[in-house]
Amino acid sequence: FDFIIWDEAHHLAEGEQWRQLLVPAFKAPYSLGLTSTPPTDPENMLLRVLPVLYERTFAVGREEGYAAPVEVRPIGVQLDEDERKEYTYLTEAIRVFKLHRRDFASPLFTQRKQVVTMAKAKFEKLTAVIRDINVADNLPPRIFVWSEYIAALEAAKARLDEDGNTCAVVHGEMPKKARRAVFENWGKTFQVLLIAKIGEEGLDYPEVVHGIILAGAKTSRQNMQRI
């Protein structure tokens, strides 16, 4: 190719499969990468092949009307007694694990995160927040809800259904045709779209005013992509 354009170019710096694409990016006479979250490390391999040539900030885009102003409101919840005991147990197990292992690859970290992700108070607070949004904003047609775990999305949907909301869940294990049908009906036959990591980037959405993140992402890049 004489000219290659890479969308979501930050992926070219992640994992062997993606890094292989840096070879044609380097060999092509011209390559252009587009991303809202470039690597911050100047020594990153991606930036050696595709150095930053032009930046357009979120603030500038907002001033020119291309980006909407964003207000972020953190809302904390408490673990119940059983959840806190499990969290404390896993925290101690992680401490012991770190004493004996230098690498931090352990399922204990994921298990502890799942305790927080599946906290019952989160689903109660989610229901209350959506109830308040519907009152304050006169039933907006579309509301986003993110979580990294399908189980959390299903639990959230069950609780929202109980409260009379219309919801649908989308995740990467669904066939593309089924996902496309859900996106087409969002704002028509249902209001709340509960979506997993697949919804962080690369999809064209209709207008959305409210987004709710049930659990913060592992990286600041993921959180920025959601915004």
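Provided above is the structure to which this section pertains.
Residues numbered from 1 in each chain as written. Predicted model: local features only at pLDDT ≥ 70, side-chain atom pairs only at ≥ 80, totals over all residues. Heavy atoms only, no water.

Before going further, it helps to spend a moment on the pattern of salt bridges. As enumerated under the stated definition, the model contains 12 salt bridges in all. We note a salt bridge from E64 to R56, for which the minimum N-O separation is 2.3 Å. With relative accessibility at 45%, the residue R56 sits in the partly exposed group. In this structure, R73 engages E71 in a salt bridge whose closest nitrogen and oxygen atoms are separated by 3.0 Å. Looking at E71, the relative accessible area reads 61%, which means it is exposed. Members of the salt-bridge network, linked through shared partners, are D80, E83 and K120. (Salt bridge = Lys/Arg side-chain N within 4 Å of Asp/Glu carboxyl O. Buried < 20%, exposed > 50% of the residue type's maximum accessible area, 1.4 Å probe, protein only.)

Structurally, P39 is set in the loop between β2 (30-34) and α3 (45-49). Sequence separation of P39 and H10 is 29 residues, and the distance between their C-alpha atoms is 6.6 Å. Setting aside residues no more than four positions away along its own chain, P39 makes contact with A13, N44, L46 and L47. (Helix = DSSP H or I, 4+ residues; strand = E, 2+ residues; numbered from the N terminus. Contact = heavy atoms within 4.5 Å.)

Turning our eyes to something else, we now look at the environment of L79. In this structure, L79 sits in the loop between α4 (58-63) and α5 (81-100). We classify L79 as buried; its relative accessible area is 18%.

Within the largest apolar cluster, 19 residues are counted, with the highest numbers of intra-cluster contacts made by L126, I130, V145, L160, V192, L194 and I212. Counting only elements with at least two residues in this core, the list comes to α7 (120-136), β3 (143-146), α8 (150-162), β4 (167-170) and β5 (192-195). With five residues, the single largest contributor to this core is α7. When near neighbours in sequence (up to four residues on either side) are disregarded, I212 contacts L126, V129, I130, I133, I143, F144, V145 and W146. (Core = buried A, V, L, I, M, F, W, Y, C linked by side-chain atoms within 4.5 Å.)

Here we come to the pairing of β5. The alternating pattern of β5 places V192 and L194 on one face and L193 and I195 on the opposite face, and all of these are buried. Both β4 and β5 contribute to a ladder of four bridges, which runs parallel. Residue pairing across strands places V170 opposite I195, the latter belonging to β5. In this fold, β4 hands off to helix α9 (residues 176-185), which returns the chain to β5; that crossover is right-handed. (Pairing = 2+ DSSP bridges. Right-handed = clockwise from strand over helix to strand, strands pointing away.)

At a minimum axis separation of 9 Å, α7 and α8 run at an interaxial angle of 55°. Our classification of the angle between α7 and α8 gives oblique. Where α7 crosses over α8, the handedness of that crossing is right-handed. Contacts between α7 and α8 involve F123, E124, L126, T127 and I130 on the former and, on the latter, A152, A155, A156, R159 and L160. Counted by class, the contact of α7 with α8 contains seven nonpolar, one polar and two charged residues. (Axes fitted to C-alpha atoms, helices over the stretch in contact; angles between N-to-C directions. Parallel < 35°, antiparallel > 145°, perpendicular 65-115°, else oblique. Left-handed = near helix turned anticlockwise from the far one by under 90°. Nonpolar A, V, L, I, M, F, W, Y, C, P; charged D, E, K, R; others polar.)

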